[in-house]
Amino acid sequence: MTADLQQKIYVAGHRGMVGSAIVRHLQAKGYKNIISRTHAELDLTNQAAVKAFFEREKPDQVYFAAAKVGGIHANNVYSAEFIYQNLMMEANVIHQAFEADVKRLLFLGSSCIYPKMAPQPMNEDVLLTGKLEPTNEPYAIAKIAGIKLCESYNRQYGQSHGIDYRSVMPTNLYGPGDNYHPENSHVLPALIRRFHEAKINDASEVVIWGSGLPMREFLYVDDMAAASIFVMQLDKNIYDQQTSPMQSHINVGFGEDLTIARLAEIIAKVVGYRGSIGYDSSKPDGTPRKLMDSGRLARLGWQAKVGLEDGIKLAYADFLKNYANI
Ligand SMILES: NC(=O)C1=CN([C@@H]2O[C@H](COP(=O)(O)OP(=O)(O)OC[C@H]3O[C@@H](n4cnc5c(N)ncnc54)[C@H](OP(=O)(O)O)[C@@H]3O)[C@@H](O)[C@H]2O)C=CC1
Ligand SMILES: C[C@H]1O[C@H](OP(=O)(O)OP(=O)(O)OC[C@H]2O[C@@H](n3cnc4c(=O)[nH]c(N)nc43)[C@H](O)[C@@H]2O)[C@@H](O)[C@@H](O)C1=O
């Protein structure tokens, strides 16, 4: 697709970690007509409000980075909110985008769509081949519905209306603008905060949830934003060569994973915490491993740039600047 810098682009979730990075990257590329609404201005679970917004604004493209998001604890405890809000946002945004003749939409899913015991690394084909991880099954079901909404609109209306709605599945993300809530955040920001507070308070031990044995893959948010724009702008013929109408999503990973115990050691080093690390086995481990096979994206010509330790240094600098006093 040629880069028409006047295209009207709606970034849903522009104040979130990923949405704000997508806006930064689009602006750096020279896009002039980016539109956004805060959650307070437009509740995406509200069908009438979303309909009115799309009818009025008629964007050319949508980056769909709004969602109810959280770590293992939040997903487990607020399961109704995670399934209801995500399903509603997806149905409203994707359908109303179609009604408003939006030609291009990029939906952000998650690696948790894949079965808990999927063979590693997980390629796109393992979707719907086994049981999901219980701690995030409701969120995963909603994310699978988002992929299937995009595919179904493409299948029924792609040719007649010239629409092309794509999906990317990010691995665990981190970076500037992350959520540092002590319970509801993901592991990487949670540990940045916990190790920082332990350092400040001279604590002798930091306790990590679970066994420390689960493995996770982490991608820096600017890489995710770059990958999102890359996939959105891919020529349709090239995209279609790597995907199929009922299996159209693309994994976005870093390519390597590590144990939570090793992650904790790296964060402790970056933060400068020198005490010991303990484990709370009463907390859930979740999926034992979820390394993405990002070969499809690599074949299309994209790969991550920011290494884990460098990325954690950047995230910690952002934490010190913007959140250290929360
Ligand atoms: N962070 C991660 O590790 C991963 C994220 N993803 C996916 O990437 C995408 C972006 O995630 P991330 O940036 O981390 O999430 P954030 O929580 O940082 O941002 C989500 C954004 O969505 C907005 N939002 C939530 N509910 C509504 C609503 N009802 N109406 C309007 N806006 C709403 C939020 O606004 P407000 O805060 O005001 O509610 C916020 O701006 C999501 O689809 C997520 O599922 C996938 C894999 C991993
Ligand atoms: C992105 C992804 O995020 C979630 O899945 P998750 O990968 O399990 O996410 P997490 O980052 O919360 O945990 C990763 C691992 O780390 C361990 N862990 C240790 N100590 C802390 C800690 O202090 N906080 C948290 N949150 N986890 C901790 C924790 O016990 C687990 O073993 C989903 O809900 C899912 O919906 C999703 O898409």
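The structure presented is a predicted model; accordingly, all values stated were derived computationally and were not measured. (Residues numbered from 1 in each chain as written. Chains lettered and ligands numbered in written order. Predicted model: local features only at pLDDT ≥ 70, side-chain atom pairs only at ≥ 80, totals over all residues. Heavy atoms only, no water.)

A. Expanded view of the site of ligand 2. In the region of ligand 2, 23 residues are neighbours, and Asn75, Ser110, Arg194, Pro284 and Asp285 sit closest. About the coverage of ligand 2: the protein hides 98% of its 690 Å² of free accessible area. Within the residue set of the shell around ligand 2, elements represented by two or more residues are helix 3 (72-77), helix 6 (187-201) and strand 7 (205-209). If one sorts the elements of the shell around ligand 2 by residue count, helix 6 sits on top with 4 residues. Tallied by class, the residues present in the shell around ligand 2 amount to 11 nonpolar, 8 polar and 4 charged. (Near = heavy atom within 4 Å. Areas by Shrake-Rupley, 256 points an atom, 1.4 Å probe, with all protein chains shown as cover. Helix = DSSP H or I, 4+ residues; strand = E, 2+ residues; numbered from the N terminus. Nonpolar A, V, L, I, M, F, W, Y, C, P; charged D, E, K, R; others polar.)

B. Main features of the UniProt feature "site: Important for catalytic activity" (unreviewed entry) in the protein chain. The UniProt feature table records "site: Important for catalytic activity" (unreviewed entry) at Ser110 and Cys112. Topologically, Ser110 is positioned in the loop between strand 4 (104-108) and helix 5 (137-161). Discounting residues that sit within four places of it in the chain, Ser110 has contacts with Tyr139, Lys143, Met169 and Pro170. The exposure class of Cys112 is buried, given its relative accessible area of 5%. Ignoring anything within four residues of it in the chain, the contact list for Cys112 reads Leu132, Asn136, Tyr139, Ala140 and Lys290. (UniProt positions renumbered as here; feature names shortened; annotations may be inferred. Contact = heavy atoms within 4.5 Å. Buried < 20%, exposed > 50% of the residue type's maximum accessible area, 1.4 Å probe, protein only.)

C. Layout of unusual backbone geometry. Note the cis peptide between Gln120 and Pro121, where omega equals -10°. Its location among the elements puts Pro121 in the loop between strand 4 and helix 5. At Asp202, a residue that is not glycine, the phi angle is positive and equals roughly 55°. Relative to the helices and strands, Asp202 is located in the loop between helix 6 and strand 7. By relative accessible area, Asp202 is classed as exposed at 70%.

D. Inspection of helix 2 (residues 47-57) at higher detail. Within helix 2, the full set of buried residues consists of Val50, Phe53, Phe54 and Glu57. The buried side chains of helix 2 occupy one side of the element, clustering within an arc of 90° when seen end-on. In helix 2, the exposed positions that point more than 90 degrees away from the buried face belong to Ala48 and Arg56. Taken together, the buried residues of helix 2 touch strand 1 (9-12), strand 2 (34-35), strand 3 (61-64) and helix 4 (79-99). Two to three positions downstream of the cap, the backbone nitrogen of Ala48 sits 3.1 Å from a side-chain oxygen, assigning the N-cap of helix 2 to Asn46. Looking one or two places after helix 2, you find Lys58, whose phi comes out positive at around 40°. (Arc of directions from axis to C-beta. Polar contact = N/O pair within 3.5 Å; in protein donor to acceptor, adjacent residues only side chain to side chain.)

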